[in-house]
Amino acid sequence: EFPRFYFLSSDDLLEILGQSRDPEMVQKHIKKCFEGIKVLDLCPPGKQGNRTWEALGMVAPDGEKVKFHPKSVVIEGPVEQWLI
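For every chain, the first residue of the written sequence is number 1, and numbering continues from 1 onward in sequence order. Two thresholds apply to this predicted model, a pLDDT of at least 70 for residue-level local features and 80 or more for giving and counting side-chain atom pairs, whereas whole-chain, interface and lining totals are computed over all residues. Remark: hydrogens and water are excluded; side-chain values derive from all non-hydrogen atoms of the structure.

K.L.:
Mind showing me how you'd approach the pairing of strand β2 (residues 53-59) here?
P.N.:
Regular strands have side chains that alternate between both faces of the sheet. For β2, the tally of buried residues reaches six of seven residues, placing the bulk of the element in the interior. Two strands form a pair only when DSSP identifies at least two bridges running between them. Secondary structure is summarised from DSSP: a helix means a run of H or I of at least four residues, a strand means a run of E of at least two, and numbering begins at the N terminus for each. Where strand β1 (residues 39-43) lies against β2, five bridges are found, and the strand directions are antiparallel. The residue of β2 that forms the bridge with C43 is E54. As paired elements, β2 and strand β4 (residues 73-75) share three bridges and run antiparallel to each other. Along β4, the bridge assignment pairs A55 with V73. Sheet topology places β2 next to strand β3 (residues 65-67); three bridges connect them, and they run antiparallel. What sits directly across from M58, in β3, is V66. Only protein chains enter the calculation, and the probe is 1.4 Å; a residue is then buried if its accessible area is under 20% of its type maximum, exposed if over 50%, and partly exposed in between.

Put into structure tokens, the structure is as follows:
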């Protein structure tokens, strides 16, 4: 369902799927899934009145930050759905 998973090692894929409810654990694999993205700018539940984790933007390896606009990405459900 998520073609970028085909390019990951079995160990990385198992860790992503096994930790899909913890975006901070998935975070270290983002750069393996998306070229040019080092990490996501994450907001934990309750920090800004949100009930779930949210991705507010992305950060490139050189430190450039890009906010998701007009709204953040709600991180819930299967990891392959919220990574799209």
